[in-house]
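What follows is each chain in one-letter form.
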Amino acid sequence: MNDLTLIRKNLFRKKLRAILLTLSILIAFLIFSVLGSFNRVLNAGVELAAADRLVTMNNTGFTQSLPYAYWGRVQGVEGVRNVSHMSWFGGYYQEPTRMAQTFAVDPESFLSAYPEFLMPDEQRAAFLSQRDCLLVGETLANQYEWSVGDRIPLLSNIWQKTDGSSSWDFDICAIYTGSEPEMSTAAAYMNYDYYNEALAFNNDRLGMLIVNTVDPAMNDRVANQIDDMFANSSDQTDTATEAAFSQAFINQIGNIGLILIYIVGAAFGIILLIVGTSLVLAISERTKEIAVMKTLGFPAPRIFRMVLVESVMLSLVGGLAGVGLAALTLKALAPVLAGVMPGIVVTPGIFGIALAMMIGFGLITGIGPAMNAHRVRIVDALGKQ
């Protein structure tokens, strides 16, 4: 018989109560792990944003375009290393419900702006040289079972061609993956010249400019120079870092981090109250047993540690089960969410935070009952009827 054996037997002496407490803690850490994983993926764009990358768009919003001439003018700004552009096409494959998030880009400058787009050299060369080439993300290709060499139509509810058709034909000549697992590969990119020449309206307009600076330290100065350059034009600009742009886009959905704090805080507050009260009751029921242990020579500090470890062990059992269930749930949902939330898993970082919270939770809920056990007096406890 050792301390761990006593702790285990005390922990499960009333099995129903132990199971209910474990389930309560499990639910709290299940919520934390799932919401934390969603929050991490939603903020992946901010975390993966390159320090030297700026985004320039119309200051009235990203739904408004910019003149094509801005691309060349920004290239002449001091401190600019590379300038590319992206124009929203949208599009769908066969049916309106089968969306394909597509952009028109300048292939060469675009790949220079985004070195994290990975693909075989021959596919990269095809995208650079073939006007009707479509660069497709791995997730999107898997979704519609596309392969390199396929010829597909993409249709648009907005953009029409000069011949009146809204169907654009492409050869899939390249499929890209991301340098990081959190990077989305659910989009497609077409050659801007191919798109612009066939466009029935809004020709020679760009959705946004992607600017790479020589040094991230020059970001503010370059951004101010760009915006000042077009300050008196009919299409004024707003330039920000890619991280700031991504964060602003996320904020339109809502402050997910704050929602996470509120939900997890409420869950843990309720569970803390339930577990703490239950442990106080459990120690109260064992007052005479603790007095007998002290009579047999168990020092008060040892009993204090045993009760505290019992609380931490309860927290770890429930918490680890909750994190494990969250990992299995997200693994099952990953194929469904791959297009919108790539790489959604319980990462080591989230697990580490959860583990620290389990220990902290156990210490907080156990400190009161442990102090009560420490203060038990043999005469008073054994004298009670």
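Here we summarise the structure given alongside this text. Everything numeric here is computed off the predicted structure, so don't read it as measured data.

1. Focus on the pairing of strand E4 (residues 99-105)
Extensive coverage of E4 is indicated by the burial of 5 of its 7 residues. Note that strand E3 (residues 80-92) and E4 share 5 bridges and pair antiparallel. Bridge pairing in E4 places Gly 90 opposite Thr 102. Across 5 bridges, E4 lies against strand E9 (residues 187-191) in parallel orientation. Counterpart to Val 105 in the pairing with E9 is Asn 191.

2. Looking at the packing of aromatic side chains
Inspection of the entire model under this criterion finds 22 aromatic pairs. Each ring, one from Tyr 68 and one from Tyr 192, has its centre 5.7 Å from the other, and the planes form 15°; the classification is stacked. With Tyr 68 in the loop between strand E2 (66-67) and helix H4 (69-75) and Tyr 192 in helix H8 (residues 192-198), this pair connects stretches of sequence that are 124 residues apart. You can call Tyr 192 buried: its relative accessible area is 1%. Among the aromatic residues, ring-to-ring pairing joins Tyr 68, Trp 71, Phe 89, Trp 159, Trp 168, Tyr 192, Tyr 195 and Phe 201 into one connected group. A cation sits over an aromatic face here: Lys 161 above Trp 168, 5.6 Å from the ring centre.

3. Concerning the nonpolar core
Trp 146, Leu 154, Tyr 195 and Val 211 are the most contacted members of the largest nonpolar core, which has 40 residues in total. Those residues in contact with Tyr 195, other than ones at most four positions away along the chain, are Trp 88, Phe 89, Ala 104, Trp 159, Trp 168 and Met 190. In this structure, Leu 279, Leu 314, Ile 350 and Phe 361 belong to the second largest nonpolar core, which totals 24 residues.

4. Thoughts on the environment of Val 292
Assignment of secondary structure puts Val 292 in helix H12 (residues 287-295). In this structure Val 292 comes out as partly exposed when scored by relative accessible area, which is 38%. Expressed as a C-alpha distance, the spacing of Val 292 and Ile 378, which sit 86 residues apart in the sequence, is 7.4 Å.

5. Quick word on the pattern of salt bridges
Should their charged atoms come close, side chains of opposite charge can pair. A complete count under the given rule lists 7 salt bridges for this structure. The partner of Glu 116 in a salt bridge is Arg 53, with the nearest N and O atoms 2.8 Å apart. One end of the pair, Glu 116, is in the loop between helix H5 (107-113) and strand E5 (117-118); the other, Arg 53, is in strand E1 (residues 53-58), and 63 residues separate them in sequence. Owing to a relative accessible area of 2%, Arg 53 belongs among the buried residues under this scheme. Glu 197 serves as the salt-bridge partner of Arg 131, at 2.6 Å between the closest nitrogen and oxygen. You can see Arg 131 sitting in the loop between helix H6 (121-129) and strand E6 (133-137) and its partner Glu 197 sitting in helix H8, a full 66 residues away along the chain. One salt-bridge network, in which partners are shared between bridges, spans Arg 53, Glu 116 and Glu 242.

Definitions and cut-offs
Residues numbered from 1 in each chain as written. Predicted model: local features only at pLDDT ≥ 70, side-chain atom pairs only at ≥ 80, totals over all residues. Heavy atoms only, no water. Buried < 20%, exposed > 50% of the residue type's maximum accessible area, 1.4 Å probe, protein only. Helix = DSSP H or I, 4+ residues; strand = E, 2+ residues; numbered from the N terminus. Pairing = 2+ DSSP bridges. Phe/Tyr/Trp six-rings, centres within 6.5 Å; stacked < 30°, edge-to-face > 60°. Lys NZ or Arg CZ within 6 Å of the ring centre and 35° of its normal. Core = buried A, V, L, I, M, F, W, Y, C linked by side-chain atoms within 4.5 Å. Contact = heavy atoms within 4.5 Å. Salt bridge = Lys/Arg side-chain N within 4 Å of Asp/Glu carboxyl O.

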